[in-house]
Amino acid sequence: MFYWLTELSDGGDFFNLFRYITFRAGGAFMTALIFGFLFGQPLINVLRRKQGKGQPIRDDGPEGHFAKAGTPTMGGLLIVGALVTSTLLWARWDNGFVWLVLFVTLAYGLIGFADDYAKVSKQNTKGVSGKVRLLLGFVIAGIAGVWATYLQPDALQFQLAVPVFKEVLINLSWAYVPFAMFVVVGAANAVNLTDGLDGLAIMPVMIAAGALGVIAYAVGRVDFTQYLDVHYVPGTGEILIFVAGLIGGGLGFLWYNAPPAAVFMGDTGSLALGGALGAIAVSTKHELVLGIIGGLFVVEALSVIIQVLYFKRTGKRVFLMAPIHHHYEKKGWSEPQIVIRFWIIAVILAMIGLATLKLR
């Protein structure tokens, strides 16, 4: 919205700053951060009053988690509220990619909210049926896949870009849409599985989003794409403003989610943020790079898949408990050890993902 203040500019005054994505990204970050600090504690107070016993704790979970009983959930409302508010204030409203990413974030956030509400109101860990969640997730992702395709240049529509081998484009035709659906749904559920310890999911999400924000800004500038030899997708630069809002809102949430957490993000936050990462990757034609940048989430999801399949086949377990962060809890690692080490891994993977921009 603030972009339209450029109409008041004569080309060399303060209002001219609003033309620049980087300036507006900074504004979005500060807006979301202040939003988080202002509304964080009041939201926690409301959630605590409304939820009573808070998020149900799994009976078969690590023993240390029983001490967290009574902690309210749905803290993702704070992150989503902060990033949506900051994006609407600072991003251009005539940019289709901004609305696409907001649509996916809010739609997945609603699925997560319904799941959290069902868990809290019934005081069990089942929530909304997994089949229903997946079905709705695929529908939303399908809309996003088609939407992104028609926002992109004709030469890139239905194409899969290959990192490093930048001249390679694989024409998937209409199979691209199911592929995009898999990326978005996979990202949403992988982040959801990672959200099992205080602060574990939010920092890797911010790190991955930051890397994707750099990519979105780069592929949205023709001069950067020529230098980096990546595909030019006009308009994606505005996604950086959304990402800045996500990081600001995420930091505001982390203030209250740091161990011992005063609030959990719940599925409201994890599904919304994971879906956002997938939508950004699809928009920027960096779906495969998301697998590197978000490698931590991939490992968490794979640990669950491997555990389930192996147990069904043999009756034995590969990990002491899945997702894999619980495996390390069972091995005796403290919660801060796991969280900080996983953050370090997330930074390393993000840097490797960004390196693909220049590798040939």
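Parameters and conventions
Residues numbered from 1 in each chain as written. Predicted model: local features only at pLDDT ≥ 70, side-chain atom pairs only at ≥ 80, totals over all residues. Heavy atoms only, no water. Helix = DSSP H or I, 4+ residues; strand = E, 2+ residues; numbered from the N terminus. Buried < 20%, exposed > 50% of the residue type's maximum accessible area, 1.4 Å probe, protein only. Contact = heavy atoms within 4.5 Å. Areas by Shrake-Rupley, 256 points an atom, 1.4 Å probe, with all protein chains shown as cover. Lys, Arg positive; Asp, Glu negative; His and termini not counted. Charge placed at Lys NZ, Arg CZ, Asp CG, Glu CD. Patch = residues over 30% accessible without salt bridge, like charges linked within 9 Å, V, L, I, M, F, W, Y side chains within 5 Å. Salt bridge = Lys/Arg side-chain N within 4 Å of Asp/Glu carboxyl O. Bend = angle between axes of the 7 residues up to and from the residue. Phe/Tyr/Trp six-rings, centres within 6.5 Å; stacked < 30°, edge-to-face > 60°. Axes fitted to C-alpha atoms, helices over the stretch in contact; angles between N-to-C directions. Parallel < 35°, antiparallel > 145°, perpendicular 65-115°, else oblique. Left-handed = near helix turned anticlockwise from the far one by under 90°. Nonpolar A, V, L, I, M, F, W, Y, C, P; charged D, E, K, R; others polar. Core = buried A, V, L, I, M, F, W, Y, C linked by side-chain atoms within 4.5 Å.

A few points about the overall build of the chain
- Counting its regular elements, the chain contains 13 helices and 2 strands.
- Buried residues in the chain amount to 53% of all 360 residues.
- In the chain, once contacts between residues fewer than 6 apart in sequence are set aside, the share between residues at least 24 apart is 73%.
- When the accessible surface of the chain is summed, it comes to about 15900 Å², and 68% of that surface belongs to carbon and sulfur atoms.
- Each charge class in the chain was averaged separately, 26 positive and 21 negative side chains, and the resulting centres sit 9 Å apart.

Brief notes about a nonpolar patch on the surface
- On the surface, Val 298, Leu 302, Ile 305, Ile 306, Leu 309, Tyr 310 and Val 318 cluster together to form a nonpolar patch covering roughly 590 Å² of accessible area.
- As for its position among the elements, Tyr 310 is in helix α11 (residues 295-314).
- Residue classification places Tyr 310 among the partly exposed positions, given a relative accessible area of 36%.

Remarks on helix α1 (residues 21-51)
- Residue Phe 39 marks the point of greatest curvature in α1, where the axis turns by about 40 degrees; the proline Pro 42 follows within four residues.
- Just downstream of α1, Gly 52 is the residue with a positive phi angle, here 65 degrees.

Observations concerning the packing of aromatic side chains
- Under the defined criterion, the tally for this structure stands at 12 aromatic pairs.
- Note on Tyr 176 and Phe 179: the rings are 6.2 Å apart at their centroids and 45 degrees apart in plane angle, and the pair reads as tilted. On the criterion of helical spacing, the pair formed by Tyr 176 and Phe 179 is a turn pair, its members being 3 residues apart in helix α5 (residues 176-194).
- With relative accessibility at 0%, the residue Tyr 176 sits in the buried group.
- An aromatic cluster is present here, built from Phe 18, Phe 23 and Trp 90 joined pairwise through their rings.

Remarks on unusual backbone geometry
- The amide bond that connects Pro 259 to the next residue, Pro 260, takes the cis arrangement and shows omega of -10 degrees.
- With respect to the helices and strands, the residue Pro 260 is situated in the loop between α8 (239-257) and α9 (266-283).
- Cis geometry marks the peptide bond from Ala 322 to Pro 323; its omega dihedral reads 0 degrees.
- Its location among the elements puts Pro 323 in the loop between α11 and α12 (324-330).
- The phi angle at Met 74 is positive, at roughly 70 degrees, despite the residue not being glycine.
- Take Met 74: it is sitting in the loop between α1 and α2 (76-90).

Things to note about the side chain of Thr 87
- Looking at the secondary structure, you find Thr 87 in helix α2.
- In this view, Thr 87 contacts Val 98, Leu 102, Ile 241 and Phe 242; residues no more than four positions away in its chain are not counted.

Considerations on the packing of α2 against helix α3 (residues 96-122)
- In the contact formed by α2 and α3, the axes pass within 11 Å of each other and the chain directions differ by 160 degrees. By the angle between their directions, the pair α2 and α3 is classed as roughly antiparallel. Crossing geometry of α2 relative to α3 is assigned as left-handed. For the pair α2 and α3, contact is made by Leu 77, Val 80, Leu 83, Val 84, Thr 87 and Leu 88 and by Val 98, Trp 99, Leu 102, Thr 105, Leu 106 and Phe 113, respectively.
- For the contact of α2 with α3, the per-class residue count stands at 10 nonpolar, 2 polar and no charged.

Focus on the nonpolar core
- Counting 99 residues, the largest nonpolar core has Leu 83, Tyr 108, Ile 202, Phe 242, Leu 246, Leu 273 and Leu 277 as its most contacted members.
- Looking at this core, the element that brings in the most residues is helix α6 (residues 202-219), giving 14 residues.
- Beyond its immediate stretch of four places on either side in the chain, Ile 202 contacts Ile 79, Gly 250, Phe 253, Leu 254, Asn 257, Met 265 and Leu 273.

Section: the pattern of salt bridges
- All told, the structure shown has 7 salt bridges when counted by the stated rule.
- Measuring nitrogen to oxygen at the nearest pair gives 2.8 Å for the salt bridge that ties Asp 94 to Arg 92.
- Residue classification places Asp 94 among the partly exposed residues on the basis of a relative accessible area of 46%.
- Of the charged contacts in the structure, one is a salt bridge between Asp 267 and Lys 119, with a shortest N-O distance of 3.3 Å. You can see Asp 267 sitting in helix α9 and its partner Lys 119 sitting in helix α3, a full 148 residues away along the chain.
- One network of salt bridges, in which partners are shared, links Asp 115, Lys 119, Arg 133 and Asp 267.

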